[in-house]
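# Observations on chain architecture
Given next are the chains, with one letter for each unit.
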Amino acid sequence: CTDTNKAYKYFYTGGVCGSSGGTVINCYNKGSVNSPIACGGISGVYYGSENDKMLNCYNTGVITSDGLSGGVVGKLGDSSEYVENCYYLNVSALRGIGDVENDTIINPNEAAMKKESFADSLGEAFYYVEGEYPKLAFEVGRTVSNFDKTSLSFNEYGETQTLTLDTTYLGTPE
């Protein structure tokens, strides 16, 4: 998911979602966000859990609030351990998580966020485009493939297909 517009709302406002208790993965926001209560570059309020995490997200939009504001999350409902591999542009906000004084969210500068190594650090859903912030696969006409020993999943313009492979070996050992 992506957002490049300005968001001015009430209560909890985020560049991607206002309030979430579910999985937020492979997202970015480039739009400015403002809220009188709590706002974040990705989510205004985030309630993560062991099974629901915020993962592989970044924000470059300016985040401001009369209340809590964070480059990634405005107000954290649970532990920051559920926010993984998320970043915010160093000039977009004062901290990564608005209500956590010493959060561990990394805030690189613009040049660092436009490097191929940064795109690679976000995982295979993101692609490097020279001179730009990382793009998601669908934005550059690419697909994402995951392969493990038993299944292959691929995404072609919003349609996900999973093939299950039978890995049972029935032959004679050589």
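An account of the accompanying structure is given in this report. Because the structure is a prediction, the values reported are computed rather than measured.

The grouping of F11, Y12 and I37 at the surface amounts to a nonpolar patch, some 310 Å² of accessible area in total. Residue placement: I37 occurs in the loop between β6 (33-35) and β7 (38-40). Accessibility expressed as a relative area gives 38% for I37, which makes it partly exposed.

Spatial strand order, β3-β7-β11: three strands in an open sheet with parallel pairing. Each edge of the sheet is formed by a strand with only one pairing partner; in this case those strands are β3 (12-14) and β11 (68-70). Within the sheet, the average angular offset between the axes of one strand and its neighbour, ignoring direction, is 10°. Note: β7 against β11, three bridges, orientation parallel. Following the sheet pairing, G40 is matched in β11 by G70.

With that settled, the discussion passes to the pattern of salt bridges. Applying the stated criterion across every chain, the model contains three salt bridges. Two residues, K53 and E84, come together in a salt bridge whose shortest N-O distance is 2.9 Å. Linking K53 in the loop between β8 (43-46) and β9 (54-59) with E84 in strand β13 (residues 83-88), this pair joins segments that are 31 residues apart in sequence. Its salt-bridge partner being K114, residue E110 comes within 2.7 Å of it at the nearest N-O pair. Judged by relative accessible area, K114 falls into the partly exposed class, the value being 21%.

Time to look at the state of the cysteines. In the structure shown here, the tally under the stated rule is zero disulfides. Considering cysteine sulfurs only, C27 is the nearest to C17, which forms no disulfide, with 7.5 Å between them. The exposure class of C17 is buried, given its relative accessible area of 17%.

Cut-offs used in this document
- Numbering of residues starts from 1 in every chain and runs along the sequence as written.
- The predicted origin of the model limits local features to residues at a pLDDT of at least 70 and limits the giving and counting of side-chain atom pairs to 80 or more, whereas totals for whole chains, interfaces and linings rest on all residues.
- Neither water nor hydrogens contribute to the side-chain values; these are computed over all heavy atoms in the structure.
- For patches, a residue must show more than 30% relative accessible area and have no salt bridge; joins then use 9 Å for like charges and 5 Å for nonpolar side chains, namely Val, Leu, Ile, Met, Phe, Trp and Tyr.
- Each accessible area value is a Shrake-Rupley result obtained with a 1.4 Å probe; residue values ignore everything except the protein chains displayed when judging cover.
- Put simply, a salt bridge is a Lys or Arg side-chain nitrogen that is within 4 Å of an Asp or Glu carboxyl oxygen.
- Think of it this way: any DSSP run of H or I at least four residues long counts as a helix, any run of E at least two long counts as a strand, and we number them from the N terminus.
- Relative accessibility thresholds used throughout: buried, under 20% of the residue-type maximum; exposed, over 50%; partly exposed, between the two (1.4 Å probe, protein chains only).
- DSSP-based pairing: two strands are paired if at least 2 bridges between them are found.
- Only the stretch in contact is used when a helix axis is fitted, and all axes are lines through C-alpha atoms; the angle between N-to-C directions ranges over 0 to 180 degrees.
- The disulfide definition used here is simple: a pair of cysteine sulfur atoms within 2.5 Å.

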